[in-house]
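Architecture and fold: a report
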Amino acid sequence: MSDEIRVPPAWKRVDVSTLTGTIMIIGASDTGKSTFARYLFRRLVEYYPRVGLLDCDVGQSSLGLPTTLTLALSTSATEGKPAWNGRLAYFVGAISPRGHMLPVVVGAHKLQRRAQQWGVGAVVVDTTGLVDAAAGGGALKQWKIELLEPTTVFAFARGVELEHILWPWRRDPRVRVIELPVPRAVRERTRETRIRYRVERWKNYFSRADTLQLSLRQLAVFGLEAMTPGQLLALQDADGFALGLGVVRSYDPHTQAVAIYTPLPSLEDVSSIRLGTLRLNPATGREMY
Ligand SMILES: Nc1ncnc2c1ncn2[C@@H]1O[C@H](COP(=O)(O)OP(=O)(O)O)[C@@H](O)[C@H]1O
Ligand SMILES: [Mg+2]
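Not measured: the values here are computed from a predicted model. Residue numbers run consecutively from 1 along every chain, following the written order of its sequence. For this description, chains carry letters from A and ligands carry numbers from 1, given in the order in which they are written. For a predicted model such as this one, the threshold for reporting local features is a pLDDT of at least 70, and the threshold for listing and counting side-chain atom pairs is 80 or more; totals across whole chains, interfaces and linings nevertheless cover every residue.

Some words on the overall build of the protein
Keep this limit in mind: Numbering goes from the N terminus for both helices and strands, where a helix is a DSSP run of H or I of at least four residues and a strand is a run of E of at least two. For the radius of gyration, the atom set is restricted to C-alpha positions; the globular benchmark scales as 2.2 Å times the number of residues to the power 0.38. Burial in this document is a count-based property: other C-beta atoms within 10 Å of a residue's C-beta are tallied, and the residue is buried at 20 or more, exposed at 12 or fewer, or partly exposed in between, with C-beta positions derived from the backbone. A pair of residues counts as a contact when their C-beta atoms, built from backbone coordinates, are within 7 Å of each other.
Within the protein, the secondary structure is distributed over 6 helices and 14 strands. Whereas a compact globule of 289 residues would reach a radius of gyration of roughly 19 Å, the protein reaches 19 Å, a difference of no more than 12%. Counting only C-alpha atoms, the protein reaches 60 × 40 × 35 Å along its principal axes. For the protein, the residues scored as buried account for 39% of the 289 residues in total. Residue pairs at least 24 apart in sequence account for 70% of intrachain contacts in the protein once pairs closer than 6 positions are excluded.

Regarding the domain arrangement of the protein
Accessible area lost upon the coming together of the parts is a frequently used measure of interface size. Note the following rule: The split of the chain into domains comes from an automatic or database domain assignment.
For the protein, the assigned domains read domain 1 (16-180) and domain 2 (205-288). Using only C-alpha atoms to locate each centre, domain 1 and domain 2 end up separated by 28 Å. With 10 residues of domain 1 in contact, the opposing surface of domain 2 contributes 11 residues. Ranked by the residues each element gives to the side of domain 1 that touches domain 2, the list is headed by strand β4 (residues 84-91), at 4 residues.

Re the pairing of strand β1 (residues 21-27)
Here is the rule: Any two strands with at least two DSSP-identified bridges between them are counted as paired.
The element β1 is extensively covered by neighbouring structure, given that 6 of its 7 residues are classed as buried. When β1 meets strand β5 (residues 122-126), the two strands line up parallel, connected through 5 bridges. Within β5, the residue paired with Ile23 across the bridge is Val124. Where β1 and strand β6 (residues 152-156) come together, 5 bridges link them in parallel fashion. When the bridges of β6 are listed, Ile26 appears paired with Ala155.

With respect to the site of ligand 1
Rules: Each residue gets a C-beta atom placed from its backbone. If that atom is within 6 Å of a molecule or strand, the residue is near it. Under the scheme applied here, ten amino acids are nonpolar (Ala, Val, Leu, Ile, Met, Phe, Trp, Tyr, Cys and Pro), four are charged (Asp, Glu, Lys and Arg), and all others, including Gly, are polar.
Taken together, 18 residues form the shell around ligand 1, and within it Arg6, Lys33, Ser34, Thr35 and Ala185 come nearest. No other element matches helix α2 (residues 33-44), which puts 3 residues into the shell around ligand 1. Classifying every residue of the shell around ligand 1 gives 5 nonpolar, 8 polar and 5 charged.

Regarding the nonpolar core
Nonpolar side chains tend toward joint burial in soluble globular proteins. Basically, it comes down to this: Throughout this description, the term nonpolar core refers to a group of buried Ala, Val, Leu, Ile, Met, Phe, Trp, Tyr and Cys residues whose C-beta atoms join them within 7 Å.
Within the largest apolar cluster, 70 residues are counted, with the highest numbers of intra-cluster contacts made by Leu54, Leu69, Val124, Val125 and Ala242. What Ala242 contacts, discounting residues up to four positions off in sequence, is Thr68, Ala89, Tyr90, Phe91, Ala234, Leu235 and Gln236.

So, the pairing of strand β12 (residues 257-262)
Pairing of strand β8 (residues 210-215) with β12 involves 6 bridges; the strand directions are antiparallel. Its bridge partner being in β12, Ser215 is matched across the sheet by Ala257. Sheet topology places strand β11 (residues 242-252) next to β12; 5 bridges connect them, and they run antiparallel. The residue bridging Asp252 from the neighbouring strand is Ala257, located in β12. Where β11 folds back on β12, the antiparallel hairpin that results is connected by 4 residues, among which Gln256 adopts a positive phi of roughly 60 degrees.

Description of helix α3 (residues 101-117)
Condition: One less than the number of residues in a helix, times 1.5 Å, gives the span that helix is expected to have. By definition, the arc is the one covered by directions from the helix axis to the C-beta atoms.
Look at α3: 24 Å from first C-alpha to last across 17 residues, which is about the 24 Å you get at 1.5 Å a residue. Looking only at α3, the buried set comprises Pro103, Val104, Gly107, Ala108, Leu111, Gln112 and Ala115. Viewed end-on, α3 has its buried residues packed into an arc of 160 degrees, placing them on one side of the element. Of the residues in α3, the exposed ones pointing more than 90 degrees away from the buried face are Leu102, Arg113 and Gln117. At the C-terminal side of α3, Gly119 shows a positive phi close to 80 degrees.

With respect to unusual backbone geometry
In this structure, Thr67 is a non-glycine residue whose phi angle is positive, near 75 degrees. Considering the arrangement of structural elements, one finds Thr67 in the loop between β2 (51-55) and β3 (68-74).

Some remarks on the packing of α3 against helix α4 (residues 137-148)
What counts here: Lines fitted to C-alpha atoms define the axes, with helix axes restricted to the stretch in contact, and inter-axis angles between N-to-C directions lie between 0 and 180 degrees. These descriptions rest on fixed angle ranges, namely under 35 degrees for roughly parallel, over 145 for roughly antiparallel, 65 to 115 for roughly perpendicular, and the rest for oblique. In this scheme the handedness of a crossing depends on how the near helix is turned from the far one: anticlockwise by less than a right angle means left-handed, clockwise means right-handed.
Two numbers describe how α3 lies on α4: the axes approach to 10 Å, and their chain directions differ by 25 degrees. With respect to α4, the axis of α3 lies roughly parallel. The handedness of the crossing between α3 and α4 is right-handed. The residues of α4 that touch α3, namely those facing Met101, Val105, Ala108, His109 and Gln112, are Leu140, Trp143, Lys144, Leu147 and Leu148.

Notes on the environment of Ala72
In this fold, Ala72 is placed in strand β3. Ala72 sits 46 residues away from Ile26 along the chain, and the two C-alpha atoms are 19 Å apart.

So, the packing of α4 against helix α5 (residues 163-171)
It is at 9 Å that the axes of α4 and α5 come closest, and there the two elements cross at 30 degrees. On the basis of their axis angle, the class for α4 and α5 is roughly parallel. The residues of α5 that touch α4, namely those facing Gly138, Lys141, Gln142 and Ile145, are His164, Ile165 and Trp169.

Remarks on the environment of Val16
Relative to the elements of secondary structure, Val16 occurs in the loop between α1 (9-12) and β1. A sequence separation of 10 residues divides Val16 from Arg6, and the C-alpha atoms of the two residues are 17 Å apart. Other than its neighbours up to four places away in sequence, Val16 contacts Arg43, Leu44 and Tyr47.

What follows is the structure, encoded as structure tokens:
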């Protein structure tokens, strides 16, 4: 993903000074959502001492790892390019919200609440491209808007694919819907490109990993039935946020000893483990289904 943003005239016309609170961006895949989210974040930093960017795309994550939601915060607006001041991740455990909508909306809400506690003036919420009504995309966006209560929803549509989501919100005084055309600079990505992107992210993440031994006797484990070699999991802090991810090497149900391959240097702060639905070869970055 290149950092070069071509700013269309329609983006320049957005009055950033009126944007506050939670700002959500919706649209199908490859409509320029993440690029616009980055652009908006950089603009908002000029107006607020602290701005959040919440990446809810568990497939083509831009801030954190695939399978996670990630919140990043800006520091001060002294320079053109905002510096990141810490990140927080929530593990969903899958690379699509299909079949995993509860952890997506719950995680997004937990991270939004953190952003608010940290005093952000605005938080930009980037979302997945799942908008298809038959696949549950309509329900996902509708309930996410209901829960996160954005003041503004930016919508990127090529045709009528967002109509089923947008039409009630256009008349609802709780939100302002701003519809923008899909930028001409958008490059569509094939399924292979998307898989390759994740493979690189995984390979890079696990390149510094090691095997750590752990006893499950004192630990909260969510989804123990999936504890088999190759399974992706999250090592979580006391608040349920992901400190890091790991892959199960081995598990002995009798001794409750588990070996986890993870770049996390220590398991000292781990309060709980959550198993995902994805299996992974950490050496090649290849996902197994
Ligand atoms: N305004 C823009 N200027 C330059 N490149 C863009 C712009 N909008 C999108 N792209 C490119 O198009 C591709 C898809 O855009 P992205 O923002 O990731 O879409 P989405 O998040 O909706 O899937 C990316 O490679 C991105 O760099
Ligand atoms: Mg995106």
